[in-house]
Structures are given as structure tokens and as C-alpha cells.
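# Inside the fold
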Amino acid sequence: MTSDNWNWKNKDGSKSGLLYESGNWGDVLKLLWLIETLRWKGETNARVSYFDPFAGDVSYPLGRRTRFRLDCCRLDRLDPVARDFIDRGRWPSAASAALAMLGSVEVWDAEPGRRANWLGQPGAAVLDGDDGFVLLRERQPDEGVWMVDPYDLLADWRDALPGIVDKARTATVLVYLYNRSGKNEQQFRNYRAFRNALDDARGELPKRIGRVAADAFLPQCHHEMIFLPSEVDCRSGGVEQVMERLAAHAETVNLGVWRSGICDS
């Protein structure tokens, strides 16, 4: 099944144009981690750049379930980055949050309509290319923040991971993945192989992985964020503190998932 004949539809009839629900628990976690990372980078860098070769759309319909998730998390940490979107009934993409914070971003998406929407955003540079992974691989090193969030990284991780880890020596990289290891033995083995390869490739450089259940009732899958600070950022100080703050954000979202399983809406 492809996005050509189906995409997620909220119960109010609004569509995100995605194969999954925008504003899910993973999106909440991703936005919190991105905001924290950009703020941390801004403490030691006069100018922070942002590169996102899988940017998605500018924003998505904010469904009732997303509002419920935010209430369960009791979040105020999204202000003021996402408040303008939320007040207009929209959920911002990660790149939109970065644009609101930094004033400029470099983005790409495989879907032409989404790229066209980005062309209308002041401060957003839409890159030329045909494949996000090619753009990632050919990107010249910089000391910015890179977001890697393809539709299903674990399906292609053996080809993608070496380049991601290599780029993360220069840039600070955030990676999203959907962990299906609770579904069956094959998925579990694939995920464990990915984690072992990540550990080996990263070596002594630190990383932080945050995880929340995709569903509070029967959690067979998990949303995960991976924080890979660059060598320069690791030497600049404060990396242990920011990893603790990222962990606290994951705990906040996890508590929201727990609350949603106790009293649903």
C-alpha cells in the first residue's frame, strides 16, 4: 500500500497526507528532543543551521487525539515554538519548529506537493535532488543539526547507518525510528542487529536513545529518538546535561502514554 491510494485520515475527516497519524507520540517526542537540541546548540554557537532531507510537509491537521496526547503529557515545553501552529489547529513538522527557532532551514521531501509547500515558506531553502538518502550521503560536513526521519529506517538501515554515523562526527544528528521488535522474532532480530551495528559504529562517542510505546493498550511497537552529538559538541561541554534533559522529555511523554492508558478520551 502506498500514499498514492491511501493516507491517514483523522476522525474529523482531515488528512495529513501521510501513511501514519501526524502528531502521534513519536512526533511529540521528536519535537521535544529537537527543541532541546537546538536550544543547547544555541548556547555555544552564534548561528545554528538545520538540515532535514526527509522533512515532510510544513504542518498537518491537529486532530483530537493529538490534543489529548498533549493534555496527557501536560506540556508547556512546546511554547512558544509550536503554540502558533497549535492555536491554528495545526501540528508543526520538525523542520517548521526549527524554522521558527532559527529563521532558516534546508529541507527536502520526496513528495512534490510538500516540496512546493516549503517553497512558500520564508527562510526555507528547498534542496535539489531525487532521494533523501543521496542528499544525506553527499552533504558536505557542517556543524549544524541534522534530522534523519525517513518513513522506515529499519527497513534500509544496513545501507543508511554507516553514512549517518559518519556524518554525526561533524554534525549533531537526531534520528527517528519506529521499533517494531515486539511484533515478531524477525523484527526483534532486525532491531537488535541495528542496535549492535550502531554501538559498534559509534564507538566511544556518546549517544542517547529515548523510547515511548506507540500504544498504551497493547504496545507491540515503540517510537525511538536517537541523539548523536558531534565530536565538536562533545568537546564543547554540556553534553551530559543535555542528554539528561532529553531523557526527562522522554519520561514526560512516557508518563503521558501511561495516563492515556488509564483514562482514555
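All values reported here derive from a predicted model rather than from experimental measurement.

## Some remarks on the packing of aromatic side chains
Here the structure, examined in full by the defined rule, presents 5 aromatic pairs. Taken together, the ring pairs in this structure connect W157, Y191 and F194 into an aromatic cluster. Directly above the aromatic system of W25 lies the positively charged group of R69, at a separation of 5.7 Å from the ring centroid.

## With respect to the environment of G203
Position of G203 relative to the elements: it lies in the loop between α8 (185-202) and β8 (208-213). With relative accessibility at 42%, the residue G203 sits in the partly exposed group. A sequence separation of 38 residues divides G203 from V165, and the C-alpha atoms of the two residues are 10.0 Å apart.

## Some remarks on the packing of helix α7 (residues 157-167) against α8
The relative placement of two packed helices comes down to the angle between their axes together with the axis-to-axis distance. α8 packs onto α7 with a crossing angle of 25 degrees between their chain directions and a minimal axis gap of 10 Å. The orientation of α7 relative to α8 falls into the category roughly parallel. Of the two possible hands of crossing, α7 and α8 adopt the one that is right-handed. Touching W157, R158, L161 and V165 of α7 are N190, A193, F194, A197, L198, A201 and R202, all from α8.

## Thoughts on the pattern of salt bridges
Summed over all chains, the structure comprises 15 salt bridges. For R139, the salt bridge is made with E106, and the minimal N-O distance between the two is 2.5 Å. Residue R139 is found in the loop between α6 (132-138) and β6 (145-148), and its partner E106 is found in strand β4 (residues 105-107); the two are separated by 33 residues along the sequence. A residue is classified by how much of its surface remains accessible, and E106, at 26% relative accessible area, is partly exposed.

## Thoughts on the sheet that holds strand β7 (residues 172-179)
One open sheet accounts for 7 strands, arranged β5-β4-β1-β6-β7-β9-β8; its pairing is mixed. For this open sheet the edge positions go to β5 (124-126) and β8, each flanked by a neighbour on one side alone. Each strand of the sheet is rotated relative to its neighbour by a mean of 15 degrees, with strand direction disregarded. Here β6 pairs with β7 via 4 bridges, running parallel. Across the sheet, the residue bridging to V145 is T172, located in β7.

## Considering the side chain of T66
Relative to the assigned elements, T66 resides in helix α2 (residues 64-73). Side-chain polar atoms of T66 contact the backbone oxygen of G23, separated by 3.2 Å.

## Focus: a nonpolar patch on the surface
On the surface, a cluster of nonpolar side chains totalling about 330 Å² of accessible area is made up of L255, W258 and I262. Looking at the element boundaries, I262 is found in helix α10 (residues 239-262).

## Some thoughts on the state of the cysteines
Evaluation of the coordinates by the stated rule reveals 0 disulfides. Looking at C73, it has no disulfide partner, and the nearest cysteine sulfur is the one in C72, 6.8 Å off. For the unlinked cysteine C221, the closest cysteine sulfur is that of C73, found at 19 Å. A relative accessible area of 5% means that C221 is categorised as buried.

Parameters at a glance
Once a new chain begins, its residue numbering starts again from 1 and follows that chain's sequence as written. Side-chain atom pairs in this predicted model are given and counted only at pLDDT of 80 or more, local residue features only at pLDDT of at least 70, and totals for whole chains, interfaces and linings cover all residues. Think of the side-chain values as coming from all heavy atoms in the structure, minus any hydrogens and water. Pairing of aromatic rings covers Phe, Tyr and Trp, the last counted by its six-membered ring, and requires centre-to-centre distances within 6.5 Å; plane angles under 30 degrees mean stacked, over 60 mean edge-to-face, and any other angle means tilted. Distance and angle both matter: a charge sits over a ring if NZ of Lys or CZ of Arg is within 6 Å of the ring centre and within 35 degrees of the ring normal. A helix here means a DSSP run of H or I that spans at least four residues, while a strand means a run of E at least two residues long, and both kinds are numbered starting from the N terminus. Buried, partly exposed and exposed residues are distinguished by accessible area as a fraction of the type maximum, computed with a 1.4 Å probe on protein chains only: under 20%, between the cut-offs, and over 50%, respectively. To get an axis, fit a line to the C-alpha atoms, keeping to the stretch in contact for a helix; angles then go from 0 to 180 degrees between the N-to-C directions. Relative orientations are named as follows: roughly parallel for angles under 35 degrees, roughly antiparallel for angles over 145 degrees, roughly perpendicular for angles from 65 to 115 degrees, and oblique for any other angle. Handedness of a helix crossing follows the sense of rotation of the near helix relative to the far helix, less than a right angle counterclockwise being left-handed and clockwise being right-handed. In what follows, a contact means two residues having at least one pair of non-hydrogen atoms within 4.5 Å. Salt-bridge detection follows one rule: a side-chain nitrogen of Lys or Arg within 4 Å of a carboxyl oxygen of Asp or Glu. Pairing between strands is defined by DSSP: at least two bridges between them are needed. Think of a polar contact as two N or O atoms within 3.5 Å of one another; within protein, one of them needs to be a possible hydrogen donor and the other a possible acceptor, and neighboring residues in sequence only count if both atoms come from side chains. Patch definition: residues with relative accessible area over 30% and no salt bridge; like charges joined within 9 Å; nonpolar side chains (Val, Leu, Ile, Met, Phe, Trp, Tyr) joined within 5 Å. The Shrake-Rupley method, run with a 1.4 Å probe, gives the accessible areas here. Residue values count only the displayed protein chains as cover. Pairs of cysteine sulfur atoms within 2.5 Å are identified as disulfides in what follows.

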